[in-house]
Amino acid sequence: MTKAINGLGFRKTILVNGRLALRTERLRLAREQVSGTQVMAIEHFAERLAGGFLRMVDTRTLKEIIGKVLPETDIGELEPIKDLPGMTSAAADTLMKLWLARPDIEAIKDHKRIQSILSLENAVVAALPAHMKRPNDIIEIAITRAHHAPSIFGDVTMSGMTELHPVWRPLITVVSKHINIEWNAGPREVSPWIGEALKVKRSEPKTPEVQSYICGTALHEVIESVRWARKLMSEGVLPRDIAIASVSTTAYDEHMLAVCSDSKLGIHFAHGISCVHRIEGQAASALADILLRGLSQKRVQRLLDLLQGLGSEAVKGLPGDWSRNFRPDAALTELPRWEKTLNSKPQLAELKNILLPILTLVSKGIEVAAEAGEKLFHGQAKKIWDAALLEGPAAALDRTIPMQRIDDGEDPHSSACFMSAEKLAASPRPYVRLIGLTSRDWPRQSGEDALIPDYIIPSNILDPMPRSDIDRRDYNTIKATTEKLLVLSWPRRDAESRQLGVSRLVTQIERDSAKPIQLTDRPDHAFSEADRLFARDKEYAVSPHAISAATCWKNWRSKDLTAHDGLIAPSHPRIQDVFDQYHSATSIRLLLRDPIGFVWRYALGFSAPEYEDAPLFADAREFGNIVHDILKQTVDQLIRKGGFANASPEDISRTIDEQSINVGMRVEMSKPIPPKLIWFGMMERATKFAKAALLSEIERYPDQVTYAEVPFGGKIELKEESFPWDIEQEVTIPGTGLKLQGIIDRLDFSTSTPKARVIDYKSGKTPKNIDDLIIGGGNEIQRAIYGFVVKSLMGGNAEVETGLLYPETGTFAVLEEPDEVLAQVANGVLIAKESLESGNAIPGIGTSEAYNDMRFALPANAAATYLLRKNQTFLDRIGEAAEIWEHK
């Protein structure tokens, strides 16, 4: 050894490859209480020898500089692609290859592509900090200072390397003349130049037990790998001695993350994990979502909640429940809508001061991506955001953010590791499982550079260490350095079910001895509780969840009637509570045609409040709601001005136009709306519909008085104007005890004769069988119910006409013999009520309707399978309650 300076005794330097190997070697030295030894990578070795504060430009810094100079630099024929996603990374890779390979480009320097690359290189070199230089520049300086090596390094051992890039060889050769440099190859292959220039230390290859397995897919490989790791741990193997590796970890990352999360084994990802699996990455993704796709309540809530989780100063003082101040279905897709909502209530003033600056900024889109990241993020989130913007333009944030990798927080020296084959070759472990050994991936095929094709500079010159050679060396190194157990694994098929071949690196003996494994095979050792129960089907079969699921599945497929079809306890108190409440024509219709839907909605409170941020169009029900809102607001306004009956057609038409605007603005603020062109067309149609409804030419009664939006049954928001009856008076369906409540669209009655007319507006198409339509199998019962309500409230002697008005066609369908129809409806309601009270909460004829929001609670494809299979069973059980479905 060489004597060190400053009285520090003997000094030794160990050179390793990669961060994991660096940490592992330092930990080994600490455990062995070794002093006077330093561990570093070959890059740091060159920097130390070059002296001063000189640093070699690293890939991250190179990307940052390229990102800054690229927009301002003319790169010739590459100009059209300079703004594409991935250009920064591609340019950084190309420049680094040129600097490391140092090819002779004198003969081709006039080529347009080379001129483009040189233009970019000149701009990058000019922008480099004063202390940072290209790798070849650092190496040249270090060579001139090789005589200082004894004072800086002492003896040098190069450990855990399978090969060294040619760019480093001149430096190592020159330095070896001044100090002792030993190449600790162990059982690894040794290139000829190493044996000529350095002292080589060898050892015999390890002879581990080798096992081979054939799995179904990449996911199956991961599951088997984690099962294997847990099995080893249960047998006393230390986690730090276990490694799972693949030549390319990208194809396995998501599967491994999911399985490891379930197993809770704490497996370390040596190459890091995608940032989107941590709150910092999620926050960056949330901001990108808004900048790329615009504002919406869901996107804003996601971003602000994540910013609160990060402790961002931008949301300091924002209450945790701030979103409760906004309706969940409010269509806040534009900044003016947010402003109007925040200005609508004085109590939102403090919230407005926090939200509006953020909303104003992010509403500007990707043009303010850098500014938004600066103001909203700090720490790790800010680093992720800046790195994503360097990888490509802001328009590609969806792609560049997931590419950013961060540390997973696990300690590699106390955990099993998932890593690349390159890292494992540099830092061996006794128990190793290699996955993904397919002919497609191991070894990987070397391709030409993204910016300099082969016909300009051949790949073997630009990249003298191709990936295929590195993969082969790493594979052989892993086999030779694994001490205890080596497991080889490959999938039969890829994610698209294409058949895969086995890597040519796997020997014929290893192939022949490979054991095929099915995903459904019972594992010898489980990686999680769910996996354990999967392996012990008898134990799982007696668990409450399994019993419930199996019973439900069996009952759904049986033709018999069971509790999973809606059978409930007779006289159930919750059903009685529902029947004691007020009912509308809608709830009565559901009781008649869909008993199970009636229970789900009114007894259990099921709903399906799923709203799109920007629906392509509004459905028929939403159109009907808008029309009725226009009619209601118009009538309210006319009553305040002297009464609807006294209003002229001109006043009615003008008021409809005014209220149509008001209703449209209110809907825009409260619900998602279609694109503007479709929305304006729909509102114009709704306005025309409202005018046709209120200005319809139906024969007038003598001394006629007209009311619109007339409430009945009590428990309704009171208005200042008067009505022809006491709106608090209860009305019940004869013989059923069910209390009625609702609003009649329009009521005409004569003050001089006992005549009245009930009009119910229909926004849909006029049915072809309108002349024969009476109750439509229980689907059109409002005429009979509203006619009965009016007759009851105005006195039993009143002559009441009730009908459906289709304004678009002007059709007014009057219900003939309403008393007889009401008797049919009342009898049907009584039978349906008694059937439900006896426990028959089962599907009816309305269960399979297209507009049934409760279909999500039914088995999949229920109309073609479940309901079809059980139809006769349901009919037999319901009995008389189904007769009303046959009434036209």
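What you see is a predicted model; the values in this text were computed from it and never measured.

Engineer: What is the right way to look at a negative patch on the surface in this model?
Structural biologist: Residues Glu834, Glu880, Glu883 and Glu886 make up a contiguous surface patch of negative charge. The residue Glu880 is located in the segment after α34 (866-878) in this model. Accessibility expressed as a relative area gives 51% for Glu880, which makes it exposed.

Engineer: Help me out: how do you make sense of empty space enclosed by the protein in this one?
Structural biologist: This model, assessed by the stated rule, comprises three cavities of 30 Å³ or more. In this model, the largest cavity occupies a volume close to 40 Å³. Forming the walls of the largest cavity are Leu591, Leu592, Pro595, Ala832, Ser835, Asn840, Ile878 and Ala881. For the lining of the largest cavity, the elements supplying multiple residues, two or more each, are α27 (585-593) and α33 (818-837). Partitioned by chemical class, the residues of the lining of the largest cavity number six nonpolar, two polar and no charged.

Engineer: What is the right way to look at the pairing of strand β2 (residues 37-41) in this model?
Structural biologist: One face of the sheet, then the other: side chains in a regular strand alternate in exactly this way. Counting buried residues along β2, four of its five residues qualify, which places the element largely inside the surrounding structure. Bridge count for strand β1 (residues 12-16) against β2 is five bridges, and the pairing is parallel. Looking at the pairing, Ile14 lines up with Val39 of β2. Following the backbone out of β1, through helix α1 (residues 19-31) and into the adjacent parallel β2, one traces a crossover that is right-handed.

Engineer: Teacher, can you tell me more about the environment of Pro412 here?
Structural biologist: Structurally, the position occupied by Pro412 is in the loop between β12 (405-406) and β13 (417-420). For the pair Pro412 and Lys888, spaced 476 residues apart in the sequence, the C-alpha separation amounts to 75 Å. When sequence neighbours within four positions are dropped, the list of residues in contact with Pro412 reads Leu20, Arg23, His268, Cys417 and Arg429.

Engineer: Where do I start with the pattern of salt bridges in this structure?
Structural biologist: A side chain of one charge can pair with a side chain of the opposite charge when the charged atoms of the two come close. Applying the stated criterion across every chain yields a total of 39 salt bridges. Among the ionic pairs, Glu529 bridges to Arg532, the shortest N-O distance being 2.9 Å. Of this pair, Glu529 and Arg532 both sit in helix α23 (residues 529-535), three residues apart, which is roughly one turn of that helix. When its relative accessible area of 47% is taken as the criterion, Glu529 is described as partly exposed. According to the relative accessible area criterion, Arg532 is partly exposed, its value standing at 23%.

Engineer: Can you help me understand the packing of aromatic side chains in this one?
Structural biologist: Two numbers describe a pair of aromatic rings. These are the distance of the centres and the angle of the planes. Under the definition given, this model contains 10 aromatic pairs. Judged by centre distance (5.2 Å) and plane angle (45°), the ring pair of Phe598 and Tyr602 falls under tilted. Taken as a pair, Phe598 and Tyr602 lie in helix α28 (residues 595-603) at a separation of four residues, close to a single helical turn. With a relative accessible area of 1%, Phe598 lands in the buried category. Judged by its relative accessible area of 25%, Tyr602 falls in the partly exposed class.

Engineer: Just to check I follow, could you spell out the sheet that holds strand β9 (residues 242-246) for this structure?
Structural biologist: Adjacent strands of a sheet form backbone hydrogen bonds with each other and so pair up, either parallel or antiparallel. Judged by pairing direction, the sheet is parallel, and its seven strands sit side by side in the order β10-β13-β9-β14-β15-β8-β16 without closing on themselves. The sheet terminates laterally at β10 (268-269) and β16 (515-516), the two strands that pair on one side only. Pairing between strand β14 (residues 431-434) and strand β15 (residues 485-491): four bridges, direction parallel. Directly across from Arg433, in β15, lies its bridge partner Val487.

Conventions adopted
- All residue numbers refer to position in the chain's written sequence, counted from 1.
- For this predicted model, a pLDDT threshold of at least 70 governs which residues receive local features, and a threshold of 80 or more governs which side-chain atom pairs are given and counted, while totals over whole chains, interfaces and linings are taken from all residues.
- With hydrogens and water stripped out, all remaining heavy atoms of the structure feed into the side-chain values.
- Patch definition: residues with relative accessible area over 30% and no salt bridge; like charges joined within 9 Å; nonpolar side chains (Val, Leu, Ile, Met, Phe, Trp, Tyr) joined within 5 Å.
- Computed with the Shrake-Rupley method and a 1.4 Å probe, the accessible areas treat only the protein chains shown as cover for residues.
- Throughout this description, the term salt bridge denotes a Lys or Arg side-chain nitrogen within 4 Å of a carboxyl oxygen of Asp or Glu.
- Charge counting follows a simple rule: Lys and Arg are positive, Asp and Glu are negative, and His as well as the terminal groups are ignored.
- In this description, the location of a charge corresponds to atom NZ of lysine, CZ of arginine, CG of aspartate or CD of glutamate.
- The numbering of helices and of strands both runs from the N terminus, where a helix is a DSSP run of H or I of at least 4 residues and a strand a run of E of at least 2.
- Any residue under 20% of the maximum accessible area for its type is buried, any over 50% is exposed, and the rest in between are partly exposed; the area is computed with a 1.4 Å probe on protein chains only.
- For each structure, a 1 Å grid was placed over the protein atoms alone; sets of points admitting a 1.4 Å probe that cannot get out are labelled cavities, open sets with protein on both sides within 12 Å along at least five of seven lines are labelled pockets, and lining residues have an atom within 4 Å of a point.
- Grid points are joined across faces, edges and corners, and a volume is the space filled by probe spheres set on the points.
- Residue polarity follows a fixed list, in which Ala, Val, Leu, Ile, Met, Phe, Trp, Tyr, Cys and Pro are nonpolar, Asp, Glu, Lys and Arg are charged, and the others, Gly among them, are polar.
- The rule for pairing is simple: two strands pair if DSSP sees at least two bridges between them.
- Crossover handedness is defined here as right-handed if the route from the first strand over the helix to the second strand goes clockwise, with the strands pointing away from the viewer.
- In what follows, residue pairs with any heavy atoms lying within 4.5 Å of each other are defined as contacts.
- Only rings of Phe, Tyr and Trp enter the pairing, Trp through its six-membered ring, and a pair is recorded when the two centres are within 6.5 Å. The plane angle decides the type: under 30 degrees is stacked, over 60 is edge-to-face, the rest tilted.

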